[in-house]
Amino acid sequence: MSTTPTDRLRTLLEPLAADAGLDLEDVKVTQAGSRRQVQIDVDADGGVDLDAIAEFSRLVGQALDDSDVMGDAPYLLEVGSPGAERPLTAPRHWRRAEGRLVKATLADGGEIVVRVLTADEDGALVEVQPVKGRGRAKERRLEYTEVAKARVQVEFNRKEDEKLLDEAEDLVADDADDASDD
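1. Concerning the environment of E78
For E78, the location among the structural elements is in strand β3 (residues 75-80). Sequence separation between E78 and I53 is 25 residues, and the spatial gap between their C-alpha atoms is 9.8 Å. Among the polar contacts listed, one links the side chain of E78 to the side chain of Q39, at a separation of 3.5 Å.

Written as structure tokens, this is what we have:
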């Protein structure tokens, strides 16, 4: 039988998340002054939007109020999604990171930066990025058993993003030209 508040919360929340089409990623209970703070992270293939988070938060609040999991003490509920630099700890995390840059510490102590091309239950096909931009990227299969830890990296100047920005600027310029013709 689960004895910690976090274990009891997980038992209560996992079916709610599954019914909502979400994965329960993390549950934390911390003391915040005279209240407890309950932080819940959920995710889904394709990500979660604010409406899904708001609806799940309402369901969680109702479930917590209807149960004795939190006892009588007041609590503050926060429901969100994993951050941009989330750790990759399950195959579904790797699948959701397809196309993203990942920094991985290998089980043998090495470290690589890769772009996730595809992922399955056992590993991912990745493109190993050249060190300091020298050389060419190389594809390889990276088994999850080879990885001690991995984290998505935020990219601010990715080539595809630059192409989209250029196309958007062209559209804005065309709209401005059309407006001046009127």
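2. Here's the deal with the sheet that holds strand β2 (residues 35-43)
With mixed pairing, the three strands of this open sheet are ordered in space as β1-β2-β3. Single-partner strands in this sheet number two, and they are β1 (23-32) and β3. Geometrically, the sheet is characterised by an average inter-axis angle of 15 degrees between neighbouring strands, direction not taken into account. In this structure, β1 lies alongside β2, joined through nine bridges in antiparallel fashion.

3. Description of the environment of S34
Here S34 shows up in the loop between β1 and β2. In sequence terms S34 and Y75 are 41 residues apart; their C-alpha atoms lie 8.8 Å from each other.

4. Comments concerning the nonpolar core
Counting residues in each nonpolar core, the largest one holds 18 residues, and the members touching the most others are L9, L13, L22, L24, I40, V42 and F56. Where this core is concerned, the elements lending two or more residues are α1 (5-19), β1, β2 and α2 (50-66). It is α2 that provides the largest number of residues to this core, a total of four residues. Ranked by size, the runner-up nonpolar core spans 17 residues in total, among them I112, V114, V116 and A150.

5. Considering α2
Counted at 1.5 Å a residue, the expected span for α2 with its 17 residues is 24 Å, and the 24 Å between its end C-alpha atoms agrees. Buried residues of α2: I53, F56, V60, G61, A63 and L64, and no others. Across the axial projection of α2, the buried residues extend over an arc of 165 degrees, all falling on one side. For α2, exposure combined with an orientation more than 90 degrees from the buried face picks out D51, D65 and D66. If you follow the buried residues of α2, they end up packed against α1, β2 and β3. Measuring from the backbone nitrogen of D51 back to the side-chain oxygen at the start of α2 gives 3.3 Å, which picks out D49 as the cap.

What counts, and at which threshold
- Residues numbered from 1 in each chain as written.
- Predicted model: local features only at pLDDT ≥ 70, side-chain atom pairs only at ≥ 80, totals over all residues.
- Heavy atoms only, no water.
- Helix = DSSP H or I, 4+ residues; strand = E, 2+ residues; numbered from the N terminus.
- Polar contact = N/O pair within 3.5 Å; in protein donor to acceptor, adjacent residues only side chain to side chain.
- Pairing = 2+ DSSP bridges.
- Axes fitted to C-alpha atoms, helices over the stretch in contact; angles between N-to-C directions.
- Core = buried A, V, L, I, M, F, W, Y, C linked by side-chain atoms within 4.5 Å.
- Buried < 20%, exposed > 50% of the residue type's maximum accessible area, 1.4 Å probe, protein only.
- Expected span 1.5 Å × (residues − 1).
- Arc of directions from axis to C-beta.
- Contact = heavy atoms within 4.5 Å.

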